[in-house]
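Report on the structure
Here is how the chains run, residue by residue.
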Amino acid sequence: MPLLTRRLRAALLATASATLVAAALPAPEPLGIGDRLFPELGNPGYDVLAYDIAFTYHGSNTKPLDAVTKISARTTAPLDRINLDFARGTVRGVEVNGQSVDFGSKREDLVLQAPRRLPAGVPLNITVRHTSDPSGSGDDGGWVRTADGLAMANQADAAHRVFPSNDHPSDKAYFTFRITAPHRLTAVAAGLPTGKTRHGSSTTWTYRTEHPMATELAQVSIGSSAVAHRTGPHGLPVRDVVPAADRKKLEPWLNKTPAQLEWMEQRVGRYPFETYGVLVADSPIGFALETQTLSLFGKSFFTEPGYPEWYVDSVMIHELAHQWFGNSVSPASWSDLWLNEGHASWYEARYAEENGGPTLERRMREAYKLSDGWRADGGPPAHPEGPAPGQKLSLFRPVMYDGSALVLFALRQEIGEAAFDRLERTWVRVHRDSTATTADFTRLASGIAGRDLTGFFDGWLYGKKTPPMPGHPDWSSAKPA
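What counts and how
Residues numbered from 1 in each chain as written. Predicted model: local features only at pLDDT ≥ 70, side-chain atom pairs only at ≥ 80, totals over all residues. Heavy atoms only, no water. Pairing = 2+ DSSP bridges. Helix = DSSP H or I, 4+ residues; strand = E, 2+ residues; numbered from the N terminus. Expected span 1.5 Å × (residues − 1). Buried < 20%, exposed > 50% of the residue type's maximum accessible area, 1.4 Å probe, protein only. Axes fitted to C-alpha atoms, helices over the stretch in contact; angles between N-to-C directions.

Points about the sheet that holds strand β2 (residues 65-75)
- In space, the 8 strands of this open sheet follow the order β5-β4-β8-β2-β1-β11-β14-β13, with mixed pairing throughout. A strand with exactly one partner marks an edge of an open sheet, and here the two such strands are β5 (99-100) and β13 (192-199).
- Bridging between strand β4 (residues 91-96) and β5 involves 2 bridges; their strand directions are antiparallel. Counterpart to V96 in the pairing with β5 is Q99.

Details of helix α6 (residues 337-354)
- Taking 1.5 Å of rise per residue, 18 residues should cover 26 Å, and α6 covers 26 Å from first to last C-alpha, within 8% of that figure.
- The buried fraction of α6 is high, at 16 of 18 residues.
- Phi for G356, located one or two positions after α6, is positive at around 100°.

Notes on the pairing of strand β8 (residues 123-132)
- Along β8, 7 of the 10 residues are buried, which leaves the element largely enclosed by surrounding structure.
- Pairing between β2 and β8: 10 bridges, direction antiparallel. Opposite D66, over in β8, you have T131 as the bridge partner.
- As paired strands, β4 and β8 are joined by 5 bridges and run antiparallel to one another. Across the sheet, residue V94 finds its bridge partner in β8, namely V128.

Observations regarding the sheet that holds strand β3 (residues 79-85)
- The antiparallel open sheet is built from 3 strands, whose spatial order is β3-β7-β6. With partners counted over all chains shown, the strands left at the sheet margins are β3 and β6 (103-106), one partner each. Strand after strand, the sheet turns through a mean of 30° between neighbouring axes, direction not considered.
- Looking at chain direction, β6 and strand β7 (residues 109-118) are connected through 4 bridges and run antiparallel. Counterpart to F103 in the pairing with β7 is L112.

Set out below in structure tokens:
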């Protein structure tokens, strides 16, 4: 072998290694964890423990934000390549365990080449330097542009349109958000504030969650906002984020939150997180969203004179109830969505009954009439059909809401109020800060009832037709159109 200098030998070896990797590296492919409704969502081989996400907002909600997403994870299987969900931004560089690595993309996956084969059970630290583009279609979810900035609406599969992630609720993690924006704006995020630093013409705000969170529940708000503080049960810090110009107008609604927290705690137990509040966005969004610790509402929901007070109050309860059902106890798969929406609709209906709305029984009887049609249109509660192509939000159909609350009404009729109330409290206590399945719920219900409820749940959760309502043999379902 000819004598080579150390520097030349190193250069030749590096070139040879890069060539071998490039030759052996197959084309990037999206993997997914095989969720029945979103098969390419989530990624196998690792468990995310924490995200640390830095956004730099440049004063316009049409310009991409500069961002750095750091992911602390642990491998659960040997990995040569690492898939992340990421779809709307430019990747500028990636490091894995401190080394720069090659990367590619396919559909909505960002695929990283590990610096070496990683065995199962070892730390995995990923840094992605990227942009986060708010200019996409609002129907896709992700960033929501407001009159004065941005907010997030990531449900069901849109967090990866904001930041690289393992975007499936089965992989919850702790979050740190660092948001840099011009001084004139206010940035707020899920969790509690841990720092605020001024530098030049900008301010950096830092927030951390004290409990794990699903990616679809992440929230960051940037805008000309006022932050109103009050105190909830047990000294809970309550903060509301509203357009500064509308603070006085919105205060009568926001002031209801402490009492609503008490109402929920009386029924299911102590609030499960470190803070709560309402985020009011000056945006024409036609929905509310239970983002963790900071529920998102469009401003018109509170200012539209056609909505009766009991209705607005009950929808506020719907999003609050989600903090227990869906946020603290998250669905293990998207087919378990009925557990989120059915419970939130259940407490919404109960609150409405007590505050000037229709009775629970009237609402459930009406739902029973429509239930067969809902099942025909979108599948039964625990086996829903997937969303229509290009219409991700079509997953959120009536069968997920009152059609699923109807299951809970039938269950209470079947096992009695005392057992049902014990089930609700036990469910959110046993599965707090974790994920759970429909099978977990039906098993717990059978245990508390003291008898096997498999036959009951098979019909109510998976049947094409709605079973007879216990205690109401006179109830009938209208024939689907």
